[in-house]
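So you can see what is in the structure, the chains are spelled out below.
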Amino acid sequence: MFGSIAALGAGLAVIGAGIGIGQIGGKAVEGIARQPEAASKIQTAMIIAAALVEGAALFGVVVSFLGLK
C-alpha cells in the first residue's frame, strides 16, 4: 500500500517539475523574442530557475521514497 502512495508522490513531483520547467522555458523564449539584446540575462535567470525547480522536484521524490518505511 505505501509503495504505491510513494510512487504516486514521486510521479506528481516529476509532473510538477515538468510543468514548471516548461513554463520557464516558454516564458524565456517569449522574453528573448521581445528583447533579443537581453538574451544572456534571460538565459542565466532561466537556468537558475530551472535548477531550483529540479531541486524542489528531487526533494519531493526523495521525501516520497522515504515514506516507504
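Residues numbered from 1 in each chain as written. Predicted model: local features only at pLDDT ≥ 70, side-chain atom pairs only at ≥ 80, totals over all residues. Heavy atoms only, no water.

The name that an unreviewed UniProt entry assigns to the protein is ATP synthase subunit c, with the source organism given as Mucilaginibacter rigui.

Turning next to the overall build of the protein. From N to C terminus, the protein includes two helices and zero strands. On C-alpha atoms alone, the protein measures out to a radius of gyration of 16 Å, which is more than a quarter above the 11 Å that the 2.2 N^0.38 rule sets for 69 residues. By principal-axis analysis of the C-alpha atoms, the protein measures approximately 55 × 15 × 5 Å. Counting every position in the protein, which comprises 69 residues, the buried fraction comes to 17%. The contacts in the protein between residues at least 6 apart in sequence include a share of 77% that link residues at least 24 apart. When the accessible area of the protein is evaluated, it comes to approximately 4900 Å², of which 75% is carbon and sulfur surface. (Helix = DSSP H or I, 4+ residues; strand = E, 2+ residues; numbered from the N terminus. Rg over C-alpha atoms; globule rule 2.2 N^0.38 Å. Buried < 20%, exposed > 50% of the residue type's maximum accessible area, 1.4 Å probe, protein only. Contact = heavy atoms within 4.5 Å. Areas by Shrake-Rupley, 256 points an atom, 1.4 Å probe, with all protein chains shown as cover.)

The next thing to look at is a nonpolar patch on the surface. Taken together, the side chains of Leu 8, Leu 12, Ile 15 and Ile 19 define a hydrophobic patch exposed on the protein surface, amounting to about 430 Å² of accessible area. Here Leu 12 is to be found in helix α1 (residues 2-34). (Patch = residues over 30% accessible without salt bridge, like charges linked within 9 Å, V, L, I, M, F, W, Y side chains within 5 Å. Salt bridge = Lys/Arg side-chain N within 4 Å of Asp/Glu carboxyl O.)

Sequence positions flagged by UniProt for "domain: V-ATPase proteolipid subunit C-like" (unreviewed entry) are, in local numbering, residues 6-66. Secondary structure within residues 6-66 divides into 93% helix and 0% strand; the distance between the first and last C-alpha atoms comes to 8 Å. (UniProt positions renumbered as here; feature names shortened; annotations may be inferred.)

Another point: the UniProt feature "transmembrane region" (unreviewed entry) in the protein. When the UniProt feature table is mapped onto this chain numbering, "transmembrane region" (unreviewed entry) sits at residues 46-68. End C-alpha to end C-alpha, residues 46-68 measures 34 Å, and it is 91% helix and 0% strand.

In this model, helix α2 (residues 39-66) (28 residues) spans 40 Å end to end at C-alpha, consistent with the 40 Å of a helix rising 1.5 Å per residue. Along α2, the positions that sit buried rather than exposed are Ala 50, Ala 57, Val 61 and Ser 64. (Expected span 1.5 Å × (residues − 1).)

Turning to the side chain of Ser 64, a few remarks are in order. Positionally, Ser 64 belongs in helix α2. Engagement of the side chain of Ser 64 in a polar contact is seen with the backbone oxygen of Val 61, the distance being 2.7 Å. Here Ser 64 is in contact with Ala 6, Gly 9 and Ala 10, once residues within four sequence places are set aside. (Polar contact = N/O pair within 3.5 Å; in protein donor to acceptor, adjacent residues only side chain to side chain.)

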